[in-house]
Amino acid sequence: MTKTKTATHAQTVSEVADRNASSIAQHQAMKAEVSKCSKAIHGLGGEQAVWDALGGGMTVYALAERLGVSTSAIDRWVQRGGEARRDSYARSRTRGAQSLAEETIAIADAATPQDVQVAKLRIDTRWRMAAKTDAEQFGDRQTPLVNIDLGSLALDALRLREVVKPVHGLADDDDLG
């Protein structure tokens, strides 16, 4: 019985060690990918080149393919850069949404009767992407279905209210006569 407990305990310690080793290896792989991402960005022309590409409407997926890294590596690279990098990323993505929306005009202008369906698909896709990236500017605005003016409701209620008891001893017309 003691032998079984020891064997189970040893197996548990072994499993913990394996999990820790796996976690360390995974962390090192992610760190290596972010390092690869940084080097690829440097080769592209630096951070400003990334912001220009994203601001021009390039997707993060397309940028990751161009750099030869995963989109999650780009996300980790942005997060690792601190608040300034996150702000630059957000600004360039917002500008990218505007670029995509502006591109829809050029697509519509260049459309011919033969390719109007393809042009419509391209326009719709870009518009949806712009709306996802910058919902405030390009998303569907939902207007309220009902407008309620609480001030008018309160005034109407006061007008309809029946005075049951006179205020401060003032008599009604019925009491005078």
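The coordinates are above.
Computed from a predicted model, the values in this text were never measured in an experiment.

A. Looking closely at the packing of helix α4 (residues 71–80) against helix α5 (residues 82–110). Packing of α4 against α5 brings their axes to within 6 Å, and their N-to-C directions diverge by 130 degrees. Classed by the angle they form, the pair α4 and α5 counts as oblique. In contact with Asp75, Trp77, Val78, Gln79 and Arg80 of α4, α5 contributes Gly82, Arg85, Arg86 and Tyr89. When grouped by side-chain class, the residues that make up the contact of α4 with α5 number three nonpolar, two polar and four charged.

B. Quick look at helix α3 (residues 60–67). Along α3, the residues classified as buried are Val60, Leu63, Ala64 and Leu67. Buried residues of α3 fall within an arc of 100 degrees about the axis and therefore sit on the same side. For α3, the exposed residues set more than 90 degrees away from the buried face come down to Tyr61, Glu65 and Arg66. Looking one or two residues beyond α3, the residue adopting positive phi is Gly68, at roughly 75 degrees.

C. Examining the packing of α5 against helix α6 (residues 116–133) more closely. With their axes 8 Å apart at the nearest point, α5 and α6 run at an angle of 160 degrees to one another. Here α6 runs roughly antiparallel to α5, going by the angle between their axes. Along this stretch, α5 crosses α6, giving a crossing that reads as left-handed. Contact residues: α5 offers Arg93, Ala97, Leu100, Ala101, Glu103, Thr104, Ile107 and Ala108, while α6 offers Ala119, Arg122, Ile123, Arg126, Trp127, Met129, Ala130 and Thr133.

D. A look at the packing of aromatic side chains. Under the defined criterion, the tally for this structure stands at three aromatic pairs. Seen in terms of ring centroids, Trp51 and Trp77 are 5.7 Å apart; in terms of plane orientation they differ by 40 degrees. Their pairing is tilted. Of the two residues, Trp51 is situated in helix α2 (residues 47–55) and Trp77 in helix α4; the sequence distance between them amounts to 26 residues. The burial state of Trp51 is the same as that of Trp77; both residues are buried. Put simply, the rings of Trp51, Trp77 and Tyr89 pair up and form one aromatic cluster.

Rules used in this analysis
- Residues numbered from 1 in each chain as written.
- Predicted model: local features only at pLDDT ≥ 70, side-chain atom pairs only at ≥ 80, totals over all residues.
- Heavy atoms only, no water.
- Axes fitted to C-alpha atoms, helices over the stretch in contact; angles between N-to-C directions.
- Helix = DSSP H or I, 4+ residues; strand = E, 2+ residues; numbered from the N terminus.
- Parallel < 35°, antiparallel > 145°, perpendicular 65-115°, else oblique.
- Contact = heavy atoms within 4.5 Å.
- Nonpolar A, V, L, I, M, F, W, Y, C, P; charged D, E, K, R; others polar.
- Buried < 20%, exposed > 50% of the residue type's maximum accessible area, 1.4 Å probe, protein only.
- Arc of directions from axis to C-beta.
- Left-handed = near helix turned anticlockwise from the far one by under 90°.
- Phe/Tyr/Trp six-rings, centres within 6.5 Å; stacked < 30°, edge-to-face > 60°.

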